[in-house]
2 protein chains.
Amino acid sequence: MSARNVVLMAEKPCKNKSFLQKTAPDRLHKHVLDHFVTEAGDSIANLTLAYRVFGRPNPARDNIVLVFHALTGDANCAGYRGPDGSVAGWWEELFQPGGALDTAKFCVICPNHPLSCYGSSGPISFAVGANEPLGSDFPPFSSRDLARVHGELLRALGIETLFCAIGGSLGGMVALEWALLQPLPTKRCAVLAAPAAGSAQAIAFNHIQKRCFDLDPHFKGGRYYGGPKPKLALSLARQVAMVTYRSPAEFSERFGRETAFSLEKDDRYFEMQSYLDHQGEKLLLRFDPNCYLKLLNVLNEHDIARNRPDLLEMIRKIRTEMLFVGIDSDILYTAEEVERTCRLFSEHGASARYECLHSKYGHDGFLIEFERLGTILHKFLA
Amino acid sequence: MSARNVVLMAEKPCKNKSFLQKTAPDRLHKHVLDHFVTEAGDSIANLTLAYRVFGRPNPARDNIVLVFHALTGDANCAGYRGPDGSVAGWWEELFQPGGALDTAKFCVICPNHPLSCYGSSGPISFAVGANEPLGSDFPPFSSRDLARVHGELLRALGIETLFCAIGGSLGGMVALEWALLQPLPTKRCAVLAAPAAGSAQAIAFNHIQKRCFDLDPHFKGGRYYGGPKPKLALSLARQVAMVTYRSPAEFSERFGRETAFSLEKDDRYFEMQSYLDHQGEKLLLRFDPNCYLKLLNVLNEHDIARNRPDLLEMIRKIRTEMLFVGIDSDILYTAEEVERTCRLFSEHGASARYECLHSKYGHDGFLIEFERLGTILHKFLA
């Protein structure tokens, strides 16, 4: 397939490069890149990047931390004040005074990834002159593209060096590519619960999720805007993912074989099922199916060795101190895979250290084990 | 829901109790039970039980081995001569001369479970006077019902004692219930890759499989006979199951990140995906969706402790020598769960021994590791 040329409807840009001093802390900022060309050669004009900023840069501007969110995450790693009061961010606890990401010390920038649906351009964006969202025609991004595009954002904001880049899961893949590509000189980089490449097993679970959409008559190959949303497919895909995000031990302890209610005598509805259905419903209220599918492809395509005969040379050149964190109960991107990736880096000259995050919660441990993760990150960022 | 009274259309019964001497070795026999009442209180008249027999009973009739098949298995644990030549059975290698189930030594009986679609009564059976199969109205069976109904079959065949009952996965659950219920006095019992009760994680994977059918417009709540079959749902459900039947290590080694072909630049089709789609297609050609769903419920409901305040007393009374085999790479019914079940039995007075079957193939190891499994079973049956 030949390269695409997409001109997006431009959002109101933020041209003020001194924004870091001026904006309210709980505002979602938007920056519009005039032009971005993806790894696959697609050209996008007017690409919006949404981001949030927590804390202030110090005079030396050497306290800036870039945080990358996971698959269905957003720019709210710390909280915001909504119309109904305070809403906690997904890493809120790390932002406590004295915490690993204490804003008295660090200026944390958290961009929303393109392809997502929380402010940055993606499948729900409109091309100029179009009367429905681009949907599956939005160009694909790789984890490399995400690292590069966020580098362009930071440069546009006048940031020249980074103290640290951090991310978990998809965010960890982007952090790993950030370390390899060094869009800005970066002192430290923490890769949490992310592998060097998606495994066959991870591809298998993503495949099942994608196939859910083929089953849903409302999906219509991604052209569902204006009609009913393919809700059941998105819900079921999320349920498949949830099983890989948690652990058998947690499910046993939390749900066991408890019955929610009995539909018929041969069709008991277990608490485990009720949990999964509930998780599916929660996502369909907040996420777009085409965005979800595009992001799944980022996971599948992630592979630091792809088209890189010079990978080991790239690793040798890294001057960034790297931390790899694997979660011992993670069945999606196992601790073993993360440790193996760390070894690849350290054995080829990079400064790379591995830490195991102990958790019963599986892959989601990096979004739950705030105390243990906080201790690990605090030490790394000290 | 109140108890059902189902009168099935009677198949031609096999009244000859001396069948064991007379029938051809590769014939599927059928026995019709006049009447069977399930654990849930449903009453079924004319329940057909299909079974195969391999080898001959010895004069003392103390060499009879009962083999229970797994979820989508059938009575063909050893091969048969089809119109196109020899077809291997699913445990063929164990039947080799000198093998664990050598028919020179043992008389092996392998029944098809009711609910299945390979000869015994199930959702594709017709009630008297009906013009479409019973479908989801076929009464549910539990693993206890399956043990009981096969006990009635053996008694009807004139068998009074059993040398050994063996089964893997669903078959292992039935073997476990067989040991507890002792439908016939049984010398030994081997439970392979089966737990005391389905775990929350197993319930989660079954839930996702069931939800696939809700997505398929052809399913129509199970009333699809006469219309198109809900193929995509059955295929996708099988794919979910396949991921749990194998292991991440096997998938990595076998498929890794190999590409089958590229649909578009952001939608590469990996070999892993091609394998899953192929497995899904294979099942939909050979299995009925309602049968599949009913059998999933057997897995979910399996729990040796359910409604049994006297479970430990039952275990204490067991005189059968028991063997539990867990597979070290099994992610569906883990070796740890199997070992824990073995401990429950041995700590409460049963003669129970645990063996670990080493395999990279995961749960399916009991259908693949013939040499290692053969060694374990050979020793146990000696």
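Residues numbered from 1 in each chain as written. Chains lettered and ligands numbered in written order. Predicted model: local features only at pLDDT ≥ 70, side-chain atom pairs only at ≥ 80, totals over all residues. Heavy atoms only, no water.

Draft legend 1. Structural context of the overall build of chain A. When helices and strands are counted, chain A shows eleven helices and 13 strands. Over its C-alpha atoms chain A spans a radius of gyration of 21 Å, differing by no more than 12% from the 21 Å that the globule rule assigns to 382 residues. Once the C-alpha set of chain A is aligned to its principal axes, its extents read approximately 70 × 50 × 50 Å. Sorting the 382 residues of chain A into buried and exposed places 63% on the buried side. The long-range share in chain A, meaning contacts at least 24 apart out of those at least 6 apart in sequence, stands at 74%. Total accessible area on chain A stands at roughly 14400 Å², and carbon and sulfur atoms take up 52% of it. Where the 43 positive side-chain charges of chain A centre and where its 44 negative ones centre are 5 Å apart. (Helix = DSSP H or I, 4+ residues; strand = E, 2+ residues; numbered from the N terminus. Rg over C-alpha atoms; globule rule 2.2 N^0.38 Å. Buried < 20%, exposed > 50% of the residue type's maximum accessible area, 1.4 Å probe, protein only. Contact = heavy atoms within 4.5 Å. Areas by Shrake-Rupley, 256 points an atom, 1.4 Å probe, with all protein chains shown as cover. Lys, Arg positive; Asp, Glu negative; His and termini not counted. Charge placed at Lys NZ, Arg CZ, Asp CG, Glu CD.)

Draft legend 2. Quick look at the environment of Glu152 of chain A. All names here are of chain A. Structurally, the position occupied by Glu152 is in helix H2 (residues 143–156). A C-alpha to C-alpha distance of 13 Å links Glu152 and Pro185, two positions 33 residues apart in sequence. Here Glu152 is in contact with Leu33, His35 and Phe36, once residues within four sequence places are set aside.

Draft legend 3. Looking closely at helix H4 (residues 200–215) of chain A. The end-to-end C-alpha distance of H4 of chain A is 23 Å, a good match for the 22 Å that 16 residues give at a rise of 1.5 Å each. The buried fraction of H4 of chain A amounts to 14 of the 16 residues, a majority that puts the element mostly inside the structure. (Expected span 1.5 Å × (residues − 1).)

Draft legend 4. How the structure looks around unusual backbone geometry. Residues and elements named next belong to chain B. Of note, Gln182 is a non-glycine position whose phi angle comes to about 45°, a positive value. Phi is positive for Asn307, which is not a glycine, with a value near 50°. Its location among the elements puts Asn307 in the loop between helix H8 (289–301) and helix H9 (311–317).

Draft legend 5. Structural view of the confidence of the model for chain A. Residues and elements named next belong to chain A. With 95% of its residues at a pLDDT of at least 70, chain A reaches an overall mean of 94. Scored below 50 in pLDDT, residues 14–23 makes 21 contacts in the model with residues more than four places away or belonging to other chains. Both confidence scores are given for the complex: pTM 0.95, ipTM 0.94. (pLDDT = per-residue confidence, 0-100.)

Draft legend 6. Looking closely at the state of the cysteines. Applying the stated criterion across every chain yields a total of zero disulfides over all chains. The thiol of Cys110 of chain B is not disulfide-bonded; the next cysteine sulfur, from Cys77 of chain B, is found 3.9 Å away. (Disulfide = S-S within 2.5 Å.)

Draft legend 7. Broad picture of the interface of chain A and chain B. Contacts between chain A and chain B engage 55 residues on the former and 55 residues on the latter. For the pair chain A and chain B, the number of links is six salt bridges. Across the pair Arg268 of chain A and Glu301 of chain B runs a salt bridge whose closest N-O atoms are separated by 3.0 Å. Inspection of the region where chain A meets chain B yields 16 residue pairs in polar contact (both at pLDDT 80 or more). Elements with a minimum of two residues in the side of chain A that touches chain B: H4, helix H5 (231–245), helix H6 (248–254), strand E11 (268–270), helix H7 (271–286) and helix H8 (289–301) of chain A. (Salt bridge = Lys/Arg side-chain N within 4 Å of Asp/Glu carboxyl O. Polar contact = N/O pair within 3.5 Å; in protein donor to acceptor, adjacent residues only side chain to side chain.)

Draft legend 8. Structural context of the relation of the copies chain A and chain B. The transform that puts chain A on chain B rotates by 180° and translates by 0.0 Å along the axis, for an RMSD of 0.0 Å. This pairing of chains is accounted for by a two-fold axis. Rotation axis and chain A: the residue whose C-alpha lies nearest the axis is Leu215 of chain A, separated from it by 3.0 Å. Both copies contact each other with a shared surface, as 100% of the interface residues of chain A are interface residues in chain B too. (Least-squares fit on C-alpha atoms with pLDDT ≥ 70 in both.)

Draft legend 9. Focus on the packing of helix H5 (residues 231–245) of chain B against helix H7 (residues 271–286) of chain B. Residue and element names in this part refer to chain B. Here H5 crosses H7 at 125°, and the two axes come no closer than 8 Å. Compared by their axis directions, H5 and H7 come out oblique. Remark: the crossing between H5 and H7 carries right-handed chirality. Packed against H5, whose contacting residues are Lys231, Leu234, Ser235, Arg238, Gln239, Met242 and Val243, the element H7 presents Tyr275, Leu276, Asp277, Gln279, Gly280, Glu281, Leu283, Leu284 and Arg286 at the interface. Looking at the contact of H5 with H7 residue by residue, the class counts come to seven nonpolar, four polar and five charged. (Axes fitted to C-alpha atoms, helices over the stretch in contact; angles between N-to-C directions. Parallel < 35°, antiparallel > 145°, perpendicular 65-115°, else oblique. Left-handed = near helix turned anticlockwise from the far one by under 90°. Nonpolar A, V, L, I, M, F, W, Y, C, P; charged D, E, K, R; others polar.)

Draft legend 10. How the structure looks around the environment of Arg268 of chain B. As for its position among the elements, Arg268 of chain B is in strand E11 (residues 267–270). In this structure the C-alpha to C-alpha distance between Arg268 of chain B and Glu258 of chain B, which are ten residues apart in sequence, comes to 9.9 Å. There is a polar contact of 3.0 Å between the side chain of Arg268 of chain B and the side chain of Glu301 of chain A. Among the polar contacts listed, one links the side chain of Arg268 of chain B to the side chain of Thr259 of chain B, at a separation of 2.5 Å.

Draft legend 11. Geometry of the side chain of Asp364 of chain A. Residues and elements named next belong to chain A. With respect to the secondary-structure elements, Asp364 resides in the loop between strand E13 (351–357) and helix H11 (370–381). One polar contact links Asp364 to Arg246, side chain to side chain, over a distance of 2.9 Å. With sequence-adjacent residues up to four places away left out, Asp364 is seen in contact with Met242, Tyr245 and Arg246.

Draft legend 12. Layout of the pairing of strand E12 (residues 321–327) of chain A. Residue and element names in this part refer to chain A. The buried fraction of E12 amounts to six of the seven residues, a majority that puts the element mostly inside the structure. Both strand E9 (residues 186–192) and E12 contribute to a ladder of five bridges, which runs parallel. Its bridge partner being in E12, Leu192 is matched across the sheet by Val325. Relative to E13, E12 is paired through seven bridges, and the arrangement is parallel. Bridge assignment links Gly326 to a residue of E13, and that residue is Cys356. In this region the chain leaves E12, passes through helix H10 (residues 335–347) and returns to the parallel neighbour E13; the handedness of that crossover is right-handed. (Pairing = 2+ DSSP bridges. Right-handed = clockwise from strand over helix to strand, strands pointing away.)

Draft legend 13. Examining the pattern of salt bridges more closely. On inspection of all chains with the given rule, the structure shows 42 salt bridges over all chains. Here Asp277 of chain A and Arg211 of chain B are joined by a salt bridge, their closest N and O atoms 2.7 Å apart. Here Arg211 of chain B lies in helix H4 (residues 200–215) and Asp277 of chain A lies in helix H7, a pairing that spans two chains. According to the relative accessible area criterion, Asp277 of chain A is buried, its value standing at 9%. Arg211 of chain B gets classed as partly exposed once you look at its relative accessible area, which sits at 26%. One network of salt bridges, with partners in common, ties together Glu39, Arg144, Glu177, Arg306 and Arg308 of chain A.

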